[in-house]
Amino acid sequence: MNRDNVVRIFWAAALLVSGGLVWAQTTTTAEQDKIVRINQIQVIGSHNSYHAGFAPSERKYMEAKSPKGLRSLDYHHAPLADQLSGGVRQIEIDIFADSKGGRFAHPAIVRQVAAAGLPADPDFDPQHEMDKPGFKVMHMQDLDERSTCHTFVACLTAVRTWSKQHPRHLPIFILVETKEGPMRELPNAVETEPFTSAVFDAMDAEIRSVFRADEMITPDEVRGSAATLNEAVRAGGWPTLEKARGRVIFLMDQQHVGPVYREGHPSLRGRVLFTNAEPGAADAAFIEQNDGSREAIGALVKQGYLVRTRTDEGTEQARTNDTTRRDLALSSGAQLISTDYPSSEPSPWTSYFVGLPGGVVARCNPVNKPVGCDDRLLEPSH
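- An unreviewed UniProt entry annotates the protein chain as Calcium-dependent phosphoinositide phospholipase C originating from Edaphobacter aggregans.

Structural notes on the overall build of the protein chain
- Each helix and strand counted, the protein chain has 14 helices and 14 strands in total.
- The globule rule puts the C-alpha radius of gyration for 382 residues at 21 Å, and the 21 Å found for the protein chain is close to it.
- Overall size of the protein chain, expressed as C-alpha extent along the three principal axes, is 70 × 50 × 40 Å.
- When burial is assessed residue by residue, the protein chain has 55% of its 382 residues classed as buried.
- Of all intrachain contacts in the protein chain linking residues separated by at least 6 positions in sequence, the fraction that spans at least 24 positions is 73%.
- Carbon together with sulfur atoms contributes 53% to the accessible area of the protein chain, which is approximately 16,000 Å² in total.
- Side chains of the protein chain carry 41 positive and 49 negative charges; the gap between the two charge centres is 5 Å.

Looking at the packing of helix α6 (residues 152-165) against helix α7 (residues 197-210)
- Here α6 crosses α7 at 35 degrees, and the two axes come no closer than 9 Å. Considering only the axes of α6 and α7, their crossing is right-handed. Counting all contacts with α6, which are made through F152, V153, L156, T157 and R160, the residues of α7 involved are M203, E206, I207, S209 and V210.
- For the contact of α6 with α7, the residue count by class is 6 nonpolar, 2 polar and 2 charged.

A closer look at helix α5 (residues 108-115)
- Within the sequence span of α5, burial applies to A108, I109 and V113. For α5, the buried positions fall inside an angular range of 140 degrees around the axis, keeping them on one side. Among the exposed residues of α5, those pointing more than 90 degrees away from its buried face are R111, A114 and A115.
- Close packing links the buried residues of α5 with α2 (56-65).
- With its phi angle positive at about 75 degrees, G117 sits one or two positions after the end of α5.

A few points about the layout of surface pockets
- Of the voids in this model, the largest pocket is the one considered here, and its volume is about 1,100 Å³.
- Lining the largest pocket are 46 residues, with H139, M140, K179, R184 and E185 positioned closest to its centre.
- Breaking the lining of the largest pocket down by element, the ones donating at least two residues are α2, α3 (67-73), β6 (90-96), β8 (172-179) and β12 (306-310).

Focus on the side chain of S147
- In this structure, S147 sits in the loop between β7 (136-137) and α6.
- Within the local environment of S147, its side chain forms a polar contact with the backbone oxygen of C149, the two atoms lying 2.7 Å apart.
- In this structure, S147 is in contact with Y50, A52 and V137, ignoring residues within four places of it in sequence.

Things to note about the confidence of the model for the protein chain
- When the pLDDT values of the protein chain are averaged, the result is 92; 93% of them are 70 or greater.
- In this model residues 1-26 is a low-confidence stretch, pLDDT under 50, and it forms 51 contacts with partners more than four residues away in sequence or in other chains.

A closer look at the state of the cysteines
- On inspection of all chains with the given rule, the structure shows 2 disulfides.
- What pairs with C149 in a disulfide is C155, and their sulfur atoms sit 2.0 Å apart. Given an S-S torsion of about 95 degrees, the disulfide between C149 and C155 has right-handed geometry.
- Across the disulfide, C364 is cross-linked to C373 (sulfur-sulfur distance 2.1 Å). Torsion about the S-S bond of the C364 and C373 cystine: about -80 degrees, corresponding to left-handed handedness. Summarising the burial analysis for this pair, C364 and C373 share the class buried.
- Cysteines bonded in the protein chain are numbered consecutively along the chain; their disulfide partners then correspond to 1-2, 3-4.

About the thresholds
- Residues numbered from 1 in each chain as written.
- Predicted model: local features only at pLDDT ≥ 70, side-chain atom pairs only at ≥ 80, totals over all residues.
- Heavy atoms only, no water.
- Helix = DSSP H or I, 4+ residues; strand = E, 2+ residues; numbered from the N terminus.
- Rg over C-alpha atoms; globule rule 2.2 N^0.38 Å.
- Buried < 20%, exposed > 50% of the residue type's maximum accessible area, 1.4 Å probe, protein only.
- Contact = heavy atoms within 4.5 Å.
- Areas by Shrake-Rupley, 256 points an atom, 1.4 Å probe, with all protein chains shown as cover.
- Lys, Arg positive; Asp, Glu negative; His and termini not counted.
- Charge placed at Lys NZ, Arg CZ, Asp CG, Glu CD.
- Axes fitted to C-alpha atoms, helices over the stretch in contact; angles between N-to-C directions.
- Left-handed = near helix turned anticlockwise from the far one by under 90°.
- Nonpolar A, V, L, I, M, F, W, Y, C, P; charged D, E, K, R; others polar.
- Arc of directions from axis to C-beta.
- 1 Å grid on protein atoms, 1.4 Å probe; cavity = no way out; pocket = protein on both sides within 12 Å on 5 of 7 lines; lining within 4 Å.
- Points joined across faces, edges and corners; volume = space filled by probe spheres on them.
- Polar contact = N/O pair within 3.5 Å; in protein donor to acceptor, adjacent residues only side chain to side chain.
- pLDDT = per-residue confidence, 0-100.
- Disulfide = S-S within 2.5 Å.

Encoded structure:
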C-alpha cells in the first residue's frame, strides 16, 4: 500500500515562516511535497562519484613511485545506480573535452606499469569508448583514468535509467567539474582542451541528448518571471518537492569558469547548469562552501542559496575517524553533504562514514526547514 495513504502525522496548525502559509493539521508525503522546497532538505552526496580506483599493478606502481599520492587517491565508488539505490542523492562527475576522440585513450600509467615489469592490468577501456568523440569522465588524465562510466553520456544514461525505475525519488543533484589545464602532479600529461563558450554549448547538448527538458530543473525554470536568478532564489523561488520529484538538477563545480559559461546567457538564460557563483551576483543560486564555517554556510542557506560542502578529503578523516568536519557540515544547513564515504561505502580503515541521523535518505534541513516538516515523508519508498 502507498505510504502516502498509511503514514499520517498529526500536527497542530503551524505558521510557515516562508510565505505565511498555514500547514494543515494532518499531512501525507503528497501534502508535504506542496510545502517543502528543494533547498529546504539535506542529502548526502558522493565526491568523484565515478571513481573506480587503481588496478592491482597500478597500485603497486603508485606505492613505489608516489605513496603520498596513492594515499590521497585510495578510494573508489560503486556504479552510480548502486550509489543512488544506497541513498546518495548528489553525485559529482568530472569531465574532459575530447572533441575528436582518442585524446585520453592510452594512459601513461599503463606504459609505466609495463616498463616496471609488473603484470598487465585489465584493460581500462575494453569497449574503446575513449576512442570516440565526446566528453570523457576521469579524475586525472594519464594517471587516474579508471571510471565506472567512461563517458559523460554513459554516466548520465545510468542516472536516467535509475531515475525512470524510481520515478518518485527526490531530485538528484549532479555536480559537474570541468577539467582543463596542466596537471601539477603529472606535468607531462596529455594536454587538455580548454572549455570555451562553444565547448560549453556542446556540454549542454550532451546533457540534453540524455535528459528531456521536463526531466531537469533548470535556471530558466527557477528564475521564472524574476529579473535575475539571484532575485528568484532569495524570494523563495526554488521548486517544491511536488514539482521536483523524479528530476535532476545540474550544478557547476568550479567558480572560475562561470564567466565563460555565462557568455551570451545573462543570468544563465538558456543554460542547463547552475553556476557556482558569488553571493549576490545575478546568476547566484548555488554556492560551494567546501571548507566554510557553520556560520557562513548557515547564513547563505537562510538567504535562499543552495550550498554544497565536504566532510572529508584525501582519505585522511576516514583513516583517523576524525568526524569534526562531518559533524560541522551536517549541522551547517548545507543541503548537499559530499563525502568519499557515504553510509553504503564506509571507510575500510575505521568506522567512519557519512549519513543522516536515523539512516534516512534525506532530512528536513536543520536551518531552514518549514515548521512541521517530517523526515519520514521525504523519501518514503527507500
